[in-house]
Amino acid sequence: MTKTKISAPLVLDIISAFARFYMAYVWIKAGASKLSDQLAVSQSIKAYEIFTPEWSHYLSYLIGPLEVCGGLLLLLGLFLRQSAWVGQIVLVLFMIGIAQAWARGLGIDCGCFSVSPDEDAQVMNYMMTLLRDVFYSVLMVWTIKRPFTKFALHP
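Residues numbered from 1 in each chain as written. Predicted model: local features only at pLDDT ≥ 70, side-chain atom pairs only at ≥ 80, totals over all residues. Heavy atoms only, no water.

**Considerations on unusual backbone geometry**
A positive phi angle is found at Glu 49, which is not glycine, with a value near 55°. Along the chain, Glu 49 falls in the loop between helix H2 (38-47) and helix H3 (53-76). Unusually for a residue other than glycine, Phe 151 sits at a positive phi of about 70°. Counting through the fold element by element, Phe 151 comes out in the segment after helix H5 (126-145). (Helix = DSSP H or I, 4+ residues; strand = E, 2+ residues; numbered from the N terminus.)

Here's what the structure looks like:
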């Protein structure tokens, strides 16, 4: 009976593949949830009390398609490091928005993966949302440092 050794490069490739494809899924899922109801997205953005109603309206048309595009770039392997950098910057901005809402005592739903205009929507668990985003951030940094280039159209 022969023992099969799992090499360190193989383990790193598995982690890199997980980081790239999981984050592609996350971005596509988050963006797709925002494509159909700009009014609800705009209300979700306004709830953070950062942007004016006009800017919230403009952002409601941009954020979903940009998230989907970012996910598709990761999925297809187009400009992996650059795509991961942009994703990382967006995640940091999202974390700042969530942290400031928490610090100011705002009771809001983050609007990350579903947008519900229902006023009785559950208030997000700020700590869990930030920890989730830190995990996503680690995956994006991993993709920046060690992108999984197999099946990539343009690494």
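**Concerning the state of the cysteines**
For the structure on display, the rule yields one disulfide. A sulfur-sulfur separation of 2.2 Å characterises the disulfide bridge that pairs Cys 110 with Cys 112. Neither residue differs from the other here; Cys 110 and Cys 112 are each classed as buried. (Disulfide = S-S within 2.5 Å. Buried < 20%, exposed > 50% of the residue type's maximum accessible area, 1.4 Å probe, protein only.)

**A short note on the nonpolar core**
In globular proteins that are soluble, nonpolar side chains generally tend to be buried together. Grouped together as the largest cluster of nonpolar side chains are 14 residues, with contacts concentrated most on Met 23, Trp 27, Leu 74, Leu 91, Tyr 136 and Met 140. For this core, the secondary structure elements donating two or more residues are helix H1 (8-32), helix H4 (80-103) and H5. Met 95, Ile 98, Cys 110 and Met 124 belong to the second-largest nonpolar core, a separate cluster that totals 11 residues. (Core = buried A, V, L, I, M, F, W, Y, C linked by side-chain atoms within 4.5 Å.)

**Regarding a nonpolar patch on the surface**
A grouping of Ile 6, Leu 10, Val 11, Leu 12, Ile 14 and Ile 15 is seen on the molecular surface, where their side chains present a nonpolar patch of about 500 Å² in accessible area. For Ile 6, the location among the structural elements is in the segment before H1. Judged by relative accessible area, Ile 6 falls into the exposed class, the value being 62%. (Patch = residues over 30% accessible without salt bridge, like charges linked within 9 Å, V, L, I, M, F, W, Y side chains within 5 Å. Areas by Shrake-Rupley, 256 points an atom, 1.4 Å probe, with all protein chains shown as cover. Salt bridge = Lys/Arg side-chain N within 4 Å of Asp/Glu carboxyl O.)

**Brief notes about the packing of aromatic side chains**
Under the criterion given, the structure shown has 10 aromatic pairs. Judged by centre distance (6.4 Å) and plane angle (55°), the ring pair of Phe 148 and Phe 151 falls under tilted. The class for Phe 148 is buried, based on a relative accessible area of 11%. Joined through ring pairs, the aromatic side chains of Phe 18, Tyr 22, Tyr 25, Phe 135 and Tyr 136 make up one cluster. (Phe/Tyr/Trp six-rings, centres within 6.5 Å; stacked < 30°, edge-to-face > 60°.)

**Overview of the side chain of Ser 16**
Tracing the chain through its elements places Ser 16 in helix H1. The buried category is assigned to Ser 16, whose relative accessible area is 0%. There is a polar contact of 2.9 Å between the side chain of Ser 16 and the backbone oxygen of Arg 146. If sequence neighbours within four positions are ignored, Ser 16 has contacts with Trp 142, Arg 146, Pro 147 and Phe 148. (Polar contact = N/O pair within 3.5 Å; in protein donor to acceptor, adjacent residues only side chain to side chain. Contact = heavy atoms within 4.5 Å.)

**Comments concerning the UniProt feature "transmembrane region" (unreviewed entry) in the protein**
Per the UniProt record, "transmembrane region" (unreviewed entry) is found at residues 7-28, 58-78, 85-103 and 123-144. Counted over residues 58-78, helix gives 90% and strand 0%. Its end C-alpha atoms are 27 Å apart. Helix makes up 100% of residues 85-103 and strand 0%, and the two end C-alpha atoms of the span are 27 Å apart. (UniProt positions renumbered as here; feature names shortened; annotations may be inferred.)

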